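An overview of the molecular structure
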Amino acid sequence: MATFDKNDDSVVVIVGSGAGGGTLGAELAMKGVKTVILEAGGRHETEDFQNDEWGSFGQISWLDKRTTSGSWRVAKDFSGLPAWIVKAVGGSTIHWAGASLRFQSHEWKAATTYGNVPGANLLDWPIDAIEMDPWYAKAEDRMGVTRTNGIPGLPGNSNFKVLEAGARKLGYNEVHTGRMAINSEPRDDRSGCMQIGFCFQGCKSGAKWSTLIAEIPKGEATGKLEVRPNCQVLQIQHNDQGKVTGVLYADKDGNQHLQLARVVCVAGNSIESPRLLLNSASSKFPDGLANSSGQVGRNYMRHMTGSVYAVFDKPVHMYRGTTMAGIVQDEARHDPSRGFVGGYEMETLSLGLPFMAAFLDPGGWGKDFAWWMDNYENMAGMWLVGEDMPQETNRITLHATEKDQFGLPVPNVNFDDHANDIAMREHAFGRGEAIYNAVGAVKTFRTPPYPSTHNLGTNRMSEKASDGVVNKHGQTHDIKNLFVSDGSQFTTGAAENPTLTIVALALRQADFIAGEMSKGNI
Amino acid sequence: MTTNPNVTRRTALKGAVAGLIVAGTGAGGLVFGHGNAWAATAENLDADTFATLVQMSRDTYPHSRLDDSFYAEAVSVLDTAAKDDAGLKTMLTEGAAKLDKEAMGLKAASYRTMSSEDDRVAILKSMEGDGFFQKIRGNLVTGLYNNKKAWPLFGYEGESASKGGYIDRGFNDIDWL
Ligand SMILES: Cc1cc2nc3c(=O)[nH]c(=O)nc-3n(C[C@H](O)[C@H](O)[C@H](O)COP(=O)(O)OP(=O)(O)OC[C@H]3O[C@@H](n4cnc5c(N)ncnc54)[C@H](O)[C@@H]3O)c2cc1C
Ligand code: SF4
């Protein structure tokens, strides 16, 4: 593993080691580019992961202070925890469930396809399915996605079998155990899935792809990548010409350092990335870096979500086995006759008893609530995830008074559901319940959204500099050697879980950055 | 969650204990259940407050499969936290007193001697928005459901990696579909 000097201004510095940053760093290193990843969290290896929901939450979650506002229910239920994100080497790919779906072609062109949706700040992506096809193929191979590259699907657990039986009775056809970045058989020096059931807590068998175990070690092996854990970036600095020159960061003891850089790539997930750009405001860029459009922090998306849990009169043991290896895709299409634009997926989901108590019905209590917990063994569960509408007012801003441990303004996350999101959620709840009722559910429950796991859109990609923050390569419109490399680039969210797309974009961006560097353009 | 030394279970787990759960309180902060099935020591709260909070905890999340000592154990967590948190101690003491006051108004009985669960729950319902109620409820979310000893009683098996996961232990063994 390499170590680079803080005064080495020839390195690429990446902020964050998750899906975007970890992939980009490894890929750049494999192309021979000297790269330093600064990661705010610590490095926990596979053996450190805990099969314990709260234990793991305390170990790796991003728990720095954040505030919320707006009419979304998360602001009421979890006012200090708008998002469920990891602060550790590997980022949220340690938590993630592995569902790896490509966008549908029309989803790259949401503005054109959906037309005028009042209140929505829709825009077409400046790229399309044809452009992304080879990058998706490369990402699927890298991540070992099941049902691609000849990799068999995972076996279905009991939770999946309930979903599948109900879905088939309703006439749904696209029902299977998902395209999962989880080995169904040993591959890429990682073992096959042991059906442990704690995918959200960091996979202890190594079957699940993460940047921590699958990308970063490959990057480090080249001798071109240094990952510096416990280093939180506070500010991106620039020179008089308006080019970025390096980043200021705090190490684990709170001591501050300056790391010089030739290129800076921001990949701190969709709350921290815009926050960092805003916190880097200067006399030259008074509204924050790369913010001439005023779009930094805006158009925050979190997917339309919700869950349906059902109790049956016999055991399901939904927590046994892969958490999200099960999907119904028939409702993912765009079909405005349902009363909304865009579509949604239905995916298996289970929570352990401790998280079920916290998330089934936040704030719920009494006999009715206790009944659900009493029937935990007989429960099946699914997650609903669909496209939500970007809105300018859904945004990350710097808090006027609250400061973090480094004295920097904390981010506030403001969110209101769009009418389209609400209509879609209503439809999805209904279909989810119908699936379980078709196989004899005793009762079903509509669980409201959890703290956001899919955080997107706050530095969006646009053709024109006035519409967004980055161009089609994730390069900021305003500053040539400043890039955005995570989910905050998303122009629109599509129905699919985002990570495969984040990884594909990072691989594509690595190619672009390496090319521009060798041409001397950056 | 580790076993709380302040709560002892004198007999093996019993099923539902109908009705009221605390038999009495004694000197030195002692709180004991019916048939001497369990006992707890209030270290920082007074024994009556502690006992009232145990009853309130069961009324908040009533599970016949849980022995009363589980609720006492959850209350012990607050009792311990009250040691260095005067504000919390006041909140809990005043909250329990308010429960009693409401109960006296309704049935001329203290909260924990009020025999109807519906009456007790009605009082809780009227206080649902209070910080006190939310403190007790929030504490139970982890104090009760994250108590590893309670997991098997709910059919939750917990950690599985050390047992090789469920690949050979029934991940897909559903047989009734
Ligand atoms: C429980 C759960 C389940 C999920 N399941 C799926 C799924 O099945 N499929 C799917 O597609 N997606 C899933 N996701 C979402 C997925 O994890 C994210 O979409 C993805 O990881 C986001 O990538 P990212 O690069 O934007 O950010 P992250 O992966 O979150 O990485 C950001 C990193 O940046 C670091 N960082 C932030 N700010 C700074 C700073 N100032 N200085 C230094 N470092 C910083 C953070 O500590 C973090 O490590 C899930 C998420 C969760 C929480
Ligand atoms: S179910 Fe499979 S992927 Fe999930 S934690 Fe277990 S071994 Fe890993």
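Overview of the structure. (Residues numbered from 1 in each chain as written. Chains lettered and ligands numbered in written order. Predicted model: local features only at pLDDT ≥ 70, side-chain atom pairs only at ≥ 80, totals over all residues. Heavy atoms only, no water.)

Another point: the packing of helix α5 (residues 129–143) of chain A against helix α12 (residues 499–518) of chain A. Residues and elements named next belong to chain A. Packing of α5 against α12 brings their axes to within 8 Å, and their N-to-C directions diverge by 110°. Between α5 and α12, the angle is such that the two are roughly perpendicular. Facing Glu131, Met132, Trp135, Tyr136, Lys138, Ala139, Glu140, Arg142 and Met143 of α5, the residues of α12 in contact are Leu500, Thr501, Val503, Ala504, Leu505, Leu507, Arg508 and Asp511. Among the residues making up the contact of α5 with α12, the classes are represented as 10 nonpolar, one polar and six charged. (Axes fitted to C-alpha atoms, helices over the stretch in contact; angles between N-to-C directions. Helix = DSSP H or I, 4+ residues; strand = E, 2+ residues; numbered from the N terminus. Parallel < 35°, antiparallel > 145°, perpendicular 65-115°, else oblique. Contact = heavy atoms within 4.5 Å. Nonpolar A, V, L, I, M, F, W, Y, C, P; charged D, E, K, R; others polar.)

The next thing to look at is the packing of helix α3 (residues 86–107) of chain B against helix α5 (residues 131–143) of chain B. All names here are of chain B. For the pair α3 and α5, interaxial distance at closest approach is 9 Å and the crossing angle is 105°. Comparing their axes, α5 and α3 come out roughly perpendicular. Along its contact with α3, which presents Leu88, Met91, Leu92, Gly95, Ala96 and Leu99, the element α5 presents Gly131, Phe132, Lys135 and Ile136. Of the residues contributing to the contact of α3 with α5, the split by class is seven nonpolar, two polar and one charged.

Next up on the list: the pairing of strand β1 (residues 12–15) of chain A. All names here are of chain A. Of the two faces of β1, both are covered, the one formed by Val12 and Ile14 as well as the one formed by Val13 and Val15. Relative to strand β9 (residues 263–266), β1 runs parallel, the two being bridged by four bridges. Counterpart to Ile14 in the pairing with β9 is Cys265. The sheet contact formed by β1 and strand β2 (residues 35–38) spans four bridges and is parallel. By the bridge assignment for β2, Val13 is matched with Val36. Taken together, β1, helix α1 (residues 19–30) and β2 constitute a β-α-β crossover, and its handedness is right-handed. (Buried < 20%, exposed > 50% of the residue type's maximum accessible area, 1.4 Å probe, protein only. Pairing = 2+ DSSP bridges. Right-handed = clockwise from strand over helix to strand, strands pointing away.)

All right, on to the pairing of β9 of chain A then. All names here are of chain A. Residues of β9 alternate between two faces, with Val263 and Cys265 on one and Val264 and Val266 on the opposite face, all of them buried. Where β9 meets strand β17 (residues 482–484), three bridges bridge the pair, whose relative direction is parallel. Looking at β17, one finds that Val264 is bridged to Leu482.

Next up on the list: helix α11 (residues 419–438) of chain A. Residues and elements named next belong to chain A. For α11, spanning 20 residues, the distance from its first C-alpha to its last is 29 Å, which sits close to the expected 28 Å at 1.5 Å a residue. Residues of α11 that are buried in the fold lie against α6 (158–169), β10 (304–311), β11 (327–328), β12 (344–348), β13 (379–386) and β16 (443–447). Looking one or two residues beyond α11, the residue adopting positive phi is Gly440, at roughly 85°. (Expected span 1.5 Å × (residues − 1).)

A word on the packing of aromatic side chains. Aromatic rings in a pair are described by how distant their centres are and how their planes are angled relative to each other. All names here are of chain A. The final tally for this structure, using the stated rule, is 33 aromatic pairs over all chains. Ring geometry for Trp371 versus Trp372: centroids 5.1 Å apart, planes at 85°, classification edge-to-face. By relative accessible area, Trp371 is classed as partly exposed at 26%. Trp372 gets classed as buried once you look at its relative accessible area, which sits at 5%. Grouping aromatic residues by their ring pairs yields a cluster made of Trp54, Phe57, Phe78, Trp84, Phe200, Phe355, Phe359 and Tyr450. Above the ring of Trp62, the side-chain terminus of Lys87 is found at 4.6 Å from the ring centroid. (Phe/Tyr/Trp six-rings, centres within 6.5 Å; stacked < 30°, edge-to-face > 60°. Lys NZ or Arg CZ within 6 Å of the ring centre and 35° of its normal.)

Surveying the vicinity of ligand 2 reveals the residues Ile182, Cys193, Met194, Gln195, Ile196, Gly197, Phe198, Cys199, Cys203, Ser205 and Thr322 of chain A. Its residues assigned to classes, the shell around ligand 2 comprises seven nonpolar, four polar and no charged. (Near = heavy atom within 4 Å.)

All names here are of chain A. With respect to spatial proximity, 40 residues lie near ligand 1, and among them Gly20, Glu39, Ser92, Asn269 and Thr499 are the closest. Measuring from a nitrogen atom of ligand 1, one finds a backbone N or O atom of Ala99 at 2.9 Å. Here an oxygen atom of ligand 1 and a backbone polar atom of Gly487 are 3.3 Å apart. Burial of ligand 1 by the surrounding chains reaches 98%, relative to a free accessible area of 1,000 Å². At the level of elements, α1, β6 (232–238), α8 (269–279) and α12 are the ones that each hand at least two residues to the shell around ligand 1. Across the shell around ligand 1, the residue classes tally to 19 nonpolar, 17 polar and four charged. (Polar contact = N/O pair within 3.5 Å; in protein donor to acceptor, adjacent residues only side chain to side chain. Areas by Shrake-Rupley, 256 points an atom, 1.4 Å probe, with all protein chains shown as cover.)

Geometric descriptors of this kind do not, in isolation, establish any biological role.
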